[in-house]
Amino acid sequence: SSLTPFPLPFPPLSLPSPSPFLSLLPPTWDCVHNIRKQVIKHTMGKVHGSLARAGKVKGQTPKVEPGEKKKQPRGRAKKRMQYNRRYVNVVTGMGGRQLGPNSNADKMK
């Protein structure tokens, strides 16, 4: 009686015993062993750095007091400024395309 539920069209695969020459090869040739090592190495590794270094750059940056800013217009004046910025003084880029409000292309010239 066979363990397979249906007859196989070919004889079952029998794997040969490890070659006696395998011990003569360098250890990097043991592919299965290396793959297992890599999988364990990647799953058990650290992902982001230790928490002792958290906030390092912010702590080193010198504090600069914010300067005085001009008052933003409100109401009708703000709507007028938005209209002029978006539709009257339109900045175009390469190919005549309109650039977005955060583009630095006009400042690069």
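Up top you'll find the structure we're talking about.
A. The arrangement of a nonpolar patch on the surface in detail. A contiguous nonpolar patch, built from Tyr83, Tyr87 and Val88 and spanning about 360 Å² of accessible area, is present on the exposed surface. Inspection of the secondary structure puts Tyr83 in helix α3 (residues 76-88).

B. Broad picture of the packing of aromatic side chains. Tallying each qualifying case throughout the model produces one aromatic pair. Ring centres of Tyr83 and Tyr87 lie 5.7 Å apart, and the angle between their planes is 45 degrees; this geometry places the pair in the tilted category. Highlighted residues: Tyr83 and Tyr87, both in helix α3, separated by four residues, approximately one helical turn. The class for Tyr83 is partly exposed, based on a relative accessible area of 48%.

Reading the values: rules and limits
- Residues numbered from 1 in each chain as written.
- Predicted model: local features only at pLDDT ≥ 70, side-chain atom pairs only at ≥ 80, totals over all residues.
- Heavy atoms only, no water.
- Patch = residues over 30% accessible without salt bridge, like charges linked within 9 Å, V, L, I, M, F, W, Y side chains within 5 Å.
- Areas by Shrake-Rupley, 256 points an atom, 1.4 Å probe, with all protein chains shown as cover.
- Salt bridge = Lys/Arg side-chain N within 4 Å of Asp/Glu carboxyl O.
- Helix = DSSP H or I, 4+ residues; strand = E, 2+ residues; numbered from the N terminus.
- Phe/Tyr/Trp six-rings, centres within 6.5 Å; stacked < 30°, edge-to-face > 60°.
- Buried < 20%, exposed > 50% of the residue type's maximum accessible area, 1.4 Å probe, protein only.

Take it as geometry only, folks, not as evidence of what the structure does.
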